[in-house]
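Here's the letter readout for the chains.
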Amino acid sequence: MRRTTLAALCIAAAATATLTGCLPGTDTADSQSTAGSKPKQPFAGLTGGEIAERAMEATRSASSLRLTGEMQDDQSDGTIQMDIALSKKGECAGTMSLDSEGKLELIKTGDTLYMKYDEDFLRAQGTEETDSEAEVDAVVDMLAGKWTKMSTTGSDADDLTDLCDLDSALSEFENIDSNAERGETTTVDGTPAIVLNEREGKDSSTVYVATEGKPYLLRAVSKSAKDPGDITLSDYNKPVSAEAPKGEVLDLDAMGG
């Protein structure tokens with residue numbers, strides 16, 4: 001099955017969000033050939049699909065990046081909001097929520113995953129799991145607003161550690177077969193970009209690729225009725241601020257949960 005640029009990004013973002021090197025010669029900045037000549041078009045001579053392929057390879061080469069935006073959650077049919085930085089060292093730091101029902105903060109450094117839940121998040125999760133009101137109140141009293149930690153080597157952490165596996169997420173950026181068409185030039189958060197438009201059946205999406213420096217993927221917007229999403233990628237190759245929280249931290253492993 002053909003995998004589009006947007007589909008690959010959604011798979012990568014989903015791998016990150018589930019709570020339940022650059023090609024040689026691809027520096028594509030606009031430039032002047034000689035004084036008074038017209039500026040060269042970005043990615044001159046390349047089709048939209050070829051640009052998308054280069055963007056995928058450049059993005060896959062990144063040692064770290066930040067994902068910000070929202071996407072559909074297949075399990076709940078809700079919308080996941082995320083702002084999370086990941087590195088290929090397995091570090092991560094950021095926030096996540098589902099349908100804006102509270103917020104989860106998470107940090108992973110070394111073999112430890114740290115999480116902090118606000119009250120709204122805990123109550124929403126408790127309602128979904130049909131816990132009694134007394135059980136939800138007890139969990140809120142114990143955990144709301146407090147940092148917790150869990151070893152990533154424990155069986156309970158298998159799914160959670162996938163949140164920070166950038167290598168795994170970016171592995172989906174292989175074997176792209178894009179039918180993207182070139183669009184206009186624009187900017188994404190101040191970075192010059194070219195717009196690529198993709199269509200697969202009734203679904204359409206818009207992808208933005210940097211035209212200066214490495215051709216990183218900067219943003220992807222899905223207009224699919226089934227899988228809408230709007231994800232921005234930034235902070236390429238910047239260190240992830242993943243430091244253990246200071247002060248009291250509740251040890252979930254020691255508490256048996």
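In case you missed it, the structure is sitting above this.
Before going into details, it helps to say that this report is about the structure given with it. (Residues numbered from 1 in each chain as written. Predicted model: local features only at pLDDT ≥ 70, side-chain atom pairs only at ≥ 80, totals over all residues. Heavy atoms only, no water.)

1. A short note on unusual backbone geometry
The phi angle at F43 is positive, at roughly 55°, despite the residue not being glycine. Looking at the secondary structure, you find F43 in the loop between α1 (5–17) and α2 (48–60). Residue classification places F43 among the buried positions, given a relative accessible area of 4%. If you check the backbone angles, D189 has positive phi at about 50° while not being a glycine. Along the chain, the position of D189 falls in the loop between β7 (181–188) and β8 (191–200). (Helix = DSSP H or I, 4+ residues; strand = E, 2+ residues; numbered from the N terminus. Buried < 20%, exposed > 50% of the residue type's maximum accessible area, 1.4 Å probe, protein only.)

2. Observations regarding helix α4 (residues 133–143)
For α4, the complete set of buried residues consists of V136, V140 and L143. The buried residues of α4 occupy an angular sector of 90° when projected down its axis, which confines them to one face. Seen from the buried face of α4, the exposed residues on the opposite side, beyond 90 degrees, are A134 and D141. Where α4 ends, the next residue or the one after it, G145, has phi of about 75°, a positive value. (Arc of directions from axis to C-beta.)

3. With respect to the side chain of T206
Tracing the backbone through its elements, the reader meets T206 in strand β9 (residues 203–210). Separated by 2.6 Å, the side chains of T206 and K223 make a polar contact. Setting aside residues no more than four positions away along its own chain, T206 makes contact with V195, L196, N197, R219, A220, V221 and K223. (Polar contact = N/O pair within 3.5 Å; in protein donor to acceptor, adjacent residues only side chain to side chain. Contact = heavy atoms within 4.5 Å.)

4. Observations regarding the environment of L217
As for its position among the elements, L217 is in strand β10 (residues 217–222). On the basis of relative accessible area, L217 is assigned to the buried category, the value being 0%. When the C-alpha positions of L217 and A52 are compared, they lie 8.4 Å apart, and in sequence the two are 165 residues distant.

5. Details of the nonpolar core
Judged by nonpolar contacts, the single largest core of 46 residues is most densely connected at L67, M115 and V209. Among the elements that take part in this core, α2 stands out by supplying five residues, more than any other. (Core = buried A, V, L, I, M, F, W, Y, C linked by side-chain atoms within 4.5 Å.)

6. What to know about the environment of E135
Along the polypeptide, E135 turns up in helix α4. Here E135 falls in the partly exposed class, since its relative accessible area comes to 45%. In this structure the side chain of E135 is engaged in a polar contact, spanning 2.9 Å, whose partner is the backbone nitrogen of S132.

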